[in-house]
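Given next are the chains, with one letter for each unit.
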Amino acid sequence: MRRTVTALLLLLPLCLSAQYRTPDYADLSESEMVRALKEDVGFLASASLEGRAAGSEGELEAARYLASRLESTGADLLYGTDGDVFGLRQDADTLRSRNVAAFIPGYDKNLKDKYIVICARLDNLGTSLVNVDGKPVRKTYYGANSNASGLAMLLQLSSRLSTNRVLLKRSVILLGCGASIPDGAGSWYFLHRSFGGSEDIDACVELNMLGTGATGFYAYTASNADMNKYVAALSGTLQPVQPRLVAQEPCASDHRIFYDAKIPTVMFTSGMYPEYNSERDTPSILQYDYMEREVEYIYNFVVELCNGTAPEFNPSEATKEYYLTGRGTAIPYYECDVRPSFLGSSDPAVFLKKWVYVYLRYPKEALEQGVQGRVLVDFIIDEKGKVTDVVAARSSDPLLEEEALRVIKASPDWKPGRVRGKKVRSRMSLNVEFRLEKKK
């Protein structure tokens with residue numbers, strides 16, 4: 001009997017070592033929010049979703065996941081679990097994409113029918129077939145930071161706001177925008193076809209590429225004075241992180257659609273990053289502890305928006321005066337009373353469609369290497385309508401940068417912008433897209 005007991009005692013440590021592993025103490029120290037962010041990003045940027053291209057099965061699965069998770073946070077879905085479907089004409093085909101939206105009601109009888117929209121891009125680039133050493137290779141653009149990071153943070157904000165809805169005077173709409181690439185089709189459809197109450201939206205908060213906070217955290221308001229005041233007011237309080245207001249647009253995205261509808265907007269972002277629009281944009285590059293801090297700040301910002309004075313859309317007269325007196329070198333494009341126009345249109349998309357993408361030539365070396373991405377180009381349209389001071393603010397690859405700058409520098413003259421009837425120098429920022437065509 002004694003020998004049997006001894007044998008069991010000798011075997012017991014072996015059994016324990018087989019059943020229990022050495023714990024990962026990094027995981028044990030993670031907060032509940034960080035674990036949730038990792039789980040949501042892990043699904044939205046998984047290989048099974050194949051890059052969530054607009055209209056694809058991957059985008060549909062992402063939409064279903066987002067709808068299910070929003071509902072689990074306590075928000076009320078505005079549409080079904082498959083989202084609000086809309087069609088886009090592409091050559092002879094119709095692409096079917098979808099928006100996902102949920103609703104958290106405010107409590108104030110005078111303000112509950114006014115809305116703050118928080119939006120994040122749902123789709124990404126999908127996949128492409130490129131030649132590597134003469135062999136076709138399919139690349140997947142997972143889009144962990146672009147923009148699974150924004151969607152994951154949208155879910156965390158939904159949870160916090162739903163739990164604390166008794167603090168919200170205005171109502172909140174949480175929106176996942178389908179077919180956002182390249183021209184914000186989902187957000188346009190939501191505003192102009194689906195929602196039907198855009199005049200009751202007091203402000204829009206966009207979440208875009210927020211996963212690399214160690215390199216910076218930025219707020220872009222298109223120089224809206226009232227939105228800047230909200231940012232400045234929070235800067236005087238104790239926050240886990242503070243964004244830096246930037247005058248230059250970090251990237252073109254859904255905030256432009258809301259701005260064009262004269263809705264005050266702010267885009268929160270951690271900016272461009274080396275893996276942007278590449279197959280290296282995977283969950284491993286995200287800095288989740290910084291994302292948690294950003295969620296805390298944006299939550300506080302949204303609560304202030306829900307309860308404060310509605311921001312006005314028009315830029316302040318003091319801002320205009322700054323440029324008219326010569327103290328500013330160029331007025332931002334959106335702050336001109338009459339915006340600069342190209343071929344009779346003040347829509348930057350017309351310049352891209354009728355000039356940039358007509359004369360853009362995909363660099364041969366970039367094509368051979370399967371390189372694609374965006375180049376954010378800053379330039380000035382002077383009082384005579386000439387394009388000057390063309391520089392690349394951000395670029396995913398030097399080969400693409402050189403070609404984007406070449407085409408914009410060669411631009412024909414524009415009709416200059418005006419402020420109070422006076423021609424002014426105006427500053428514009430545009431993203432030039434380089435995308436490889438998929439082989440069928």
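It should be emphasised that the depicted structure is a prediction, and the values quoted were computed from it without experimental measurement.

1. Some details on empty space enclosed by the protein
Line of reasoning, step 1. This model, assessed by the stated rule, comprises one cavity of 30 Å³ or more.
Line of reasoning, step 2. A volume near 160 Å³ is recorded for the largest cavity.
Line of reasoning, step 3. Lining the largest cavity are 16 residues, with Tyr 220, Tyr 333, Tyr 334, Arg 427 and Ser 429 positioned closest to its centre.
Line of reasoning, step 4. Here the lining of the largest cavity gets four residues from one element, more than from any other, and that element is strand β17 (residues 426–434).

2. A look at the nonpolar core
Line of reasoning, step 1. Counting residues in each nonpolar core, the largest one holds 65 residues, and the members touching the most others are Leu 161, Val 205, Leu 207, Phe 268, Ile 298 and Phe 301.
Line of reasoning, step 2. Residue contributions to this core peak at 11 residues, all from helix α9 (residues 288–307).
Line of reasoning, step 3. With residues near it in sequence (within four places) discarded, Leu 161 still touches Ile 104, Ile 118, Leu 168, Val 172, Tyr 299, Val 302 and Val 303.
Line of reasoning, step 4. The next biggest cluster of nonpolar side chains, apart from the first, holds 32 residues, and it includes Trp 355, Phe 379, Ala 404 and Phe 434.

3. Observations concerning the confidence of the model for the chain
Line of reasoning, step 1. Confidence in the prediction for the chain averages 86 pLDDT; 89% of positions are at 70 or higher.
Line of reasoning, step 2. Note that residues 1–25 has pLDDT below 50 and, in this model, one contact with residues that lie over four places away or in other chains.

4. Considerations on the environment of Ala 62
Line of reasoning, step 1. Examined against the element boundaries, Ala 62 turns out to sit in helix α4 (residues 57–72).
Line of reasoning, step 2. For the pair Ala 62 and Gly 178, spaced 116 residues apart in sequence, the C-alpha to C-alpha distance is 9.9 Å.
Line of reasoning, step 3. Residues contacting Ala 62, with those up to four places away along its chain left out, are Leu 44, Leu 49, Arg 52 and Leu 122.

5. Quick word on the environment of Thr 309
Line of reasoning, step 1. In this fold, Thr 309 is placed in the loop between α9 and α10 (317–324).
Line of reasoning, step 2. If near-sequence neighbours (up to four positions away) are discounted, Thr 309 is found in contact with Arg 170 and Tyr 230.

6. Regarding unusual backbone geometry
Line of reasoning, step 1. The residue after Ser 146, namely Asn 147, is reached through a cis peptide bond having omega 10 degrees.
Line of reasoning, step 2. In this structure, Asn 147 sits in helix α5 (residues 144–163).
Line of reasoning, step 3. Despite not being glycine, Leu 343 shows a phi value in the positive range, around 50 degrees.
Line of reasoning, step 4. With respect to the helices, strands and loops of the structure, Leu 343 is situated in the loop between β12 (331–332) and α11 (348–359).
Line of reasoning, step 5. Taking the relative accessible area as the measure of exposure, Leu 343 reaches 59% and is therefore exposed.
Line of reasoning, step 6. Even without being glycine, Arg 420 reaches a positive phi, approximately 55 degrees.
Line of reasoning, step 7. By the secondary structure assignment, Arg 420 is in the loop between β15 (417–419) and β16 (422–424).

7. A few points about α11
Line of reasoning, step 1. With 12 residues, α11 ought to run about 16 Å at 1.5 Å a step, and its terminal C-alpha atoms sit 16 Å apart, in line with that.
Line of reasoning, step 2. Along α11, the residues classified as buried are Pro 348, Val 350, Phe 351, Leu 352, Trp 355 and Val 356.
Line of reasoning, step 3. The N-cap of α11, judged by a side-chain oxygen 3.0 Å from the amide nitrogen of Ala 349 a few residues on, is Asp 347.

8. Some points on the pattern of salt bridges
Line of reasoning, step 1. Going through the model one piece at a time under the given rule, you end up with 15 salt bridges.
Line of reasoning, step 2. Here Asp 200 ties to Lys 114 by a salt bridge, and the two come within 3.3 Å at their closest N and O atoms. Note that Asp 200 is positioned in the loop between α6 (185–194) and β8 (201–207) and Lys 114 in the loop between β3 (93–104) and β4 (115–121), a separation of 86 residues in sequence.
Line of reasoning, step 3. Owing to a relative accessible area of 27%, Lys 114 belongs among the partly exposed residues under this scheme.
Line of reasoning, step 4. With a shortest N-O distance of 2.5 Å, Arg 256 and Glu 249 are connected by a salt bridge.
Line of reasoning, step 5. Given the relative accessible area of 15%, Arg 256 is considered buried.

What counts, and at which threshold
Residues numbered from 1 in each chain as written. Predicted model: local features only at pLDDT ≥ 70, side-chain atom pairs only at ≥ 80, totals over all residues. Heavy atoms only, no water. 1 Å grid on protein atoms, 1.4 Å probe; cavity = no way out; pocket = protein on both sides within 12 Å on 5 of 7 lines; lining within 4 Å. Points joined across faces, edges and corners; volume = space filled by probe spheres on them. Helix = DSSP H or I, 4+ residues; strand = E, 2+ residues; numbered from the N terminus. Core = buried A, V, L, I, M, F, W, Y, C linked by side-chain atoms within 4.5 Å. Buried < 20%, exposed > 50% of the residue type's maximum accessible area, 1.4 Å probe, protein only. Contact = heavy atoms within 4.5 Å. pLDDT = per-residue confidence, 0-100. Expected span 1.5 Å × (residues − 1). Polar contact = N/O pair within 3.5 Å; in protein donor to acceptor, adjacent residues only side chain to side chain. Salt bridge = Lys/Arg side-chain N within 4 Å of Asp/Glu carboxyl O.

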